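Structure assessment
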Amino acid sequence: MKNKITSLFSIDYPIIQAGMIWCSGWELAAAVSNAGGLGIIGSGSMYPEILEEQIIKCKQATYKPFAVNLPMLYPDIDKHVATIIKHKVPIVFTSAGNPKTWTSHLKEHGITVVHVVSSVKFALKAQEAGVDAIVAEGFEAGGHNGKDETTTFCLIPMVAKEVTIPIIAAGGIGTGAGILAALTLGADGVQIGSRFVPTHESSAHINFKNAVIASKEGDTLLTLKELTPVRLLKNEFFNKVQASYANGTSIEELTTLLGRGRAKKGMFEGDLIEGELEIGQVAGLFDKIQSAKEVMEELIQGYHAALKEKTTEKYNF
Ligand code: NDP
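Starting from 1, residues in each chain are numbered consecutively following that chain's sequence as written. Only residues with pLDDT of at least 70 get local features here, since the model is predicted, and only at 80 or more are side-chain atom pairs given and counted; chain-wide, interface and lining totals rely on the full set of residues. Processing note: side-chain calculations cover all non-hydrogen atoms of the structure and skip hydrogens and water entirely.

Within the protein, the secondary structure is distributed over 13 helices and 11 strands. Computed over the C-alpha atoms, the radius of gyration of the protein is 19 Å, within 12% of the 20 Å expected from 2.2 N^0.38 for a compact globule of 317 residues. Along the three orthogonal principal directions, the C-alpha set of the protein runs to about 50 × 50 × 35 Å. Counting the 317 residues in the protein, one finds 53% classified as buried. Helical segments are the DSSP runs of H or I of at least four residues, strand segments are the runs of E of at least two, and each set is numbered from the N terminus. Each radius of gyration is computed over the set of C-alpha atoms, and the globule rule expresses the reference value as 2.2 Å times the number of residues to the power 0.38. Burial here depends on accessible area, computed with a 1.4 Å probe over protein chains only, as a share of the maximum for the residue type. Under 20% is buried, over 50% is exposed, and the range in between is partly exposed.

Around the ligand, the surrounding shell holds 18 residues, and the nearest of these are Tyr47, Tyr74, Asp76, Gly261 and Lys264. Bound to the protein, the ligand loses 78% of the 880 Å² it would expose on its own. Gly counts as polar in this scheme, as do all residues outside two lists: the nonpolar Ala, Val, Leu, Ile, Met, Phe, Trp, Tyr, Cys and Pro, and the charged Asp, Glu, Lys and Arg. Of the residues contributing to the shell around the ligand, the split by class is 10 nonpolar, five polar and three charged. Two domains each donate at least three residues to the shell around the ligand, and these are domain 1 (4–203 + 292–315) and domain 2 (206–282). The cutoff for a nearby residue is simple: one of its non-hydrogen atoms must lie within 4 Å of the molecule or strand. Only the protein chains shown count as covering a residue, and every accessible area follows the Shrake-Rupley method with a 1.4 Å probe. Note that domain bounds follow an automatic or database assignment of domains.

With glycine set apart, most residues show a phi of negative sign, and most peptide bonds adopt trans. One non-glycine residue, serine 10, lies in the positive phi region at around 55°. Tracing the backbone shows serine 10 in the loop between α1 (4–9) and β1 (15–17). With a phi angle near 65°, glutamate 149 is a residue other than glycine that sits in the positive phi range. Along the chain, the position of glutamate 149 falls in the loop between β7 (143–144) and α7 (152–162). Assessed through its relative accessible area of 39%, glutamate 149 is described here as partly exposed.

To count as a disulfide, a pair of cysteine sulfur atoms needs to be within 2.5 Å. Counting across every chain of the model gives zero disulfides. Unpaired in this structure, cysteine 23 has its nearest cysteine sulfur neighbour in cysteine 58, at a distance of 16 Å. A residue is classified by how much of its surface remains accessible, and cysteine 23, at 2% relative accessible area, is buried.

We now examine the packing of helix α3 (residues 48–61) against helix α4 (residues 77–86). For helices, the fitted line uses only the C-alpha atoms of the stretch in contact; every axis is such a line through C-alpha atoms, and the angle between N-to-C directions lies from 0 to 180 degrees. Here α3 crosses α4 at 20°, and the two axes come no closer than 9 Å. By the angle between their directions, the pair α3 and α4 is classed as roughly parallel. α4 is crossed by α3, and the crossing has right-handed handedness. In this structure, α3 uses Pro48, Leu51, Glu52 and Ile55 to contact α4, whose residues at the interface are Lys79, His80, Thr83, Ile84 and Lys86. The residue makeup of the contact of α3 with α4, split by class, is four nonpolar, two polar and three charged. Just so you know how the angles are binned, under 35 degrees is roughly parallel, over 145 roughly antiparallel, 65 to 115 roughly perpendicular, and the rest oblique. If you view the pair so one helix is near and one far, a crossing is left-handed when the near helix is turned anticlockwise from the far one by less than a right angle, and right-handed when it is turned clockwise. Throughout, a residue-residue contact means that at least one pair of heavy atoms, one from each residue, lies within 4.5 Å.

Side-chain rings of Phe, Tyr and Trp, where Trp is taken by its six-membered ring, are said to pair if the distance between their centres is within 6.5 Å; with planes under 30 degrees apart they count as stacked, over 60 as edge-to-face, and otherwise as tilted. Scanning the entire structure with this criterion turns up two aromatic pairs. A ring pair is formed by phenylalanine 9 and phenylalanine 93, whose centres lie 5.9 Å apart and whose planes are at 40°; its orientation type is tilted. Of this pair, phenylalanine 9 sits in helix α1 while phenylalanine 93 sits in strand β4 (residues 91–95), placing them 84 residues apart in sequence. We note that phenylalanine 9, like phenylalanine 93, is buried.

For the protein, the domain assignment lists domain 1 (4–203 + 292–315) and domain 2 (206–282). Every contact between the two is made by 24 residues of domain 1 and, on the other side, 20 residues of domain 2. Between domain 1 and domain 2, roughly 1900 Å² of surface is buried when both sides are summed, and carbon and sulfur atoms account for 63% of that area. Two parts placed together each lose some accessible area under a 1.4 Å probe, and the buried area is that loss summed for both. If you sort the residues of domain 1 by the area they bury against domain 2, Trp22, His144 and Lys147 come out on top, with a joint share of 28%. Salt bridge, as used here: a side-chain nitrogen of Lys or Arg that lies within 4 Å of a carboxyl oxygen of Asp or Glu. Applying the counting rule to domain 1 against domain 2 returns one salt bridge. Across the salt bridge formed by lysine 225 and glutamate 149, the nearest N and O atoms sit 2.5 Å from each other. In protein, a polar contact means a hydrogen-donor-capable atom and an acceptor-capable atom, both N or O and within 3.5 Å, with residues adjacent in sequence counting only if both atoms are side-chain atoms; elsewhere, any N or O pair within 3.5 Å suffices. Our enumeration of links across domain 1 and domain 2 arrives at 13 residue pairs in polar contact (both at pLDDT 80 or more). In terms of residue class, the side of domain 1 that touches domain 2 is made up of nine nonpolar, 12 polar and three charged.

Next comes the structure, spelled out in structure tokens:
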């Protein structure tokens, strides 16, 4: 399949595995890239020396292109950028910040830059900053997200109407039919996170993987909008946040309640009670832990099955 996204990244399928803190290290990124998609190392939870080690390991595990996700909130971002340039990582996905800050610098070093946005306004800003493509991420997505609650179903056509650069849809996509829907709405590719969390290669704790596959519709909610909006799996920590809102909490109290390292505690250390468990709505569809290769194969088969169905009577009206 050759389209704008497969050509931009030199990959076989326009399927990108999202950069996810504590979940997407080199093993997952390399497995997805080896299966023909684009794997991404999530650098937000990695100290600079850890990122360097992860890039080296990823290069040893795949000769195919892979990317690094660079959240701009990251405290040692200069060091991460230097490591990315030193090791000639071909593609960077920036997120959670102003796309103007790093795009030119990265592009001067021959790096393809993609920026993650949650609205038309930010999509236009990213295009103006000179990025090569955008990820437009809807409300359904797991983890950190926009405040406006625009769903992927609404966001993609709205962004497609305004921008000319390639669009990668994210949020709520976890099946082949979902990929077809996203492309139909105007995207050129998809970014998938939640489906790759319960894979053997994901670095998430097994408790978190099991919680993800056990989750059902309605088990996640977008919260902490006053700090950084985040979609979480409901647990005891989540209930404390909700109780705090019910008591008319302040931003200071919320910050104290969140504390430091909650995401690591939940997703990496497997504390399902006190940890922050970041996952998307679509997790309610998954019921088993698979290899990343199996996930990729199912996504591609599902996409072609859904495409074939478009010729059936159901669509003929
Ligand atoms: P916290 O401030 O609660 O904790 C920081 C965590 O990041 C700790 O677990 C720490 O590991 C780890 N860490 C890795 N490198 C560093 C470093 N250089 N300095 C300090 N801590 C580091 O943050 P969160 O857990 O909520 O978020 C972690 C990261 O996720 C953020 O730094 C940010 O980069 C990223 N993020 C991404 C977003 C996005 O992409 N949209 C949005 C929000 C956050 P240890 O416990 O081993 O010290």
